[in-house]
Amino acid sequence: MTGGHKVGESEGLLYPAFIRDQGNIYKPNNKVMDSDSLNEKSHHDVHTKEIDLVNRDPKHINDDVVKVDFEDVIAEPEGTHSFDGIWKASFTTFTVSKYWCYRLLTVLVGIPLALVWGIYFAILSFIHIWAVVPCVKSFLIDIQCISRVYSICIHTFCDPFFEAMGKVFSSIRVSMNKEV
């Protein structure tokens, strides 16, 4: 840990608390990397994930969906132009209203929706971990017994029949003659 003192050792805790002398949680790339900070990463708690306030869509999941600028919505073709002042005022009105309406909606609805989506994905993870995967695994174990019995039946009864039919039909020769 940075600072040379691990919190939690003297208090008898199971693992040390997360301490950070340098860096800002909102700017994750401004800390100095040394051997102590590498040890700090090994004690990093997954619930204190650093967030990047500059690049808020690092996986680019909304690049093609909601990237709407003024030019994407309102465009005046050649020969049909409004007054320059009106065009500038329209641009400013569109941009500022979109910006502040989005911010207002995130203040009013963002945290409740984050709670709803957090609960939803927690339930989905729980169902997948505790119900779906065990059911699939048990089905695969059960079906393996059935597949072995099925394979034995096919090899015992069908293979000789199809092999015999193959030998019967292998001696048939087809020739075509064209009569004039």
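The structure presented is a predicted model; accordingly, all values stated were derived computationally and were not measured.

A few words on the overall build of the protein chain. Counting secondary structure elements, the protein chain contains three helices and zero strands. The helix and strand sequence of the protein chain, counted from the amino end, reads α-α-α. Across the 180 residues of the protein chain, 6% fall into the buried class. Considering only contacts in the protein chain between residues 6 or more positions apart, those separated by 24 or more positions represent 32%. Counting only carbon and sulfur atoms, one obtains 66% of the accessible surface of the protein chain, whose full area is about 16,200 Å².

Here the focus is the packing of aromatic side chains. The description of an aromatic ring pair rests on the distance of the ring centres and on the angle between the ring planes. Applying the stated criterion across every chain, the model contains nine aromatic pairs. Between Phe70 and Trp87, the ring centres sit 4.9 Å apart and the planes meet at 65°, which makes this aromatic pair edge-to-face. Taken as a pair, Phe70 in helix α2 (residues 70-73) and Trp87 in helix α3 (residues 84-170) lie far apart in primary sequence, 17 residues in all. Ring geometry for Phe161 against Phe162: centres 5.4 Å apart, planes inclined by 65°, an arrangement best described as edge-to-face. For Phe161, a relative accessible area of 48% puts it in the partly exposed group. The exposure class of Phe162 is exposed, given its relative accessible area of 54%. Put simply, the rings of Phe70, Trp87, Phe91 and Phe94 pair up and form one aromatic cluster. Across from the ring centre of Trp100, 5.6 Å away, lies the NZ or CZ of Arg103, which sits over that ring.

For the rest of this paragraph, the subject is the UniProt feature "transmembrane region" (unreviewed entry) in the protein chain. Under the UniProt annotation, "transmembrane region" (unreviewed entry) lies at residues 104-131. Secondary structure within residues 104-131 divides into 100% helix and 0% strand; the distance between the first and last C-alpha atoms comes to 40 Å.

What counts, and at which threshold
- Residues numbered from 1 in each chain as written.
- Predicted model: local features only at pLDDT ≥ 70, side-chain atom pairs only at ≥ 80, totals over all residues.
- Heavy atoms only, no water.
- Helix = DSSP H or I, 4+ residues; strand = E, 2+ residues; numbered from the N terminus.
- Buried < 20%, exposed > 50% of the residue type's maximum accessible area, 1.4 Å probe, protein only.
- Contact = heavy atoms within 4.5 Å.
- Areas by Shrake-Rupley, 256 points an atom, 1.4 Å probe, with all protein chains shown as cover.
- Phe/Tyr/Trp six-rings, centres within 6.5 Å; stacked < 30°, edge-to-face > 60°.
- Lys NZ or Arg CZ within 6 Å of the ring centre and 35° of its normal.
- UniProt positions renumbered as here; feature names shortened; annotations may be inferred.

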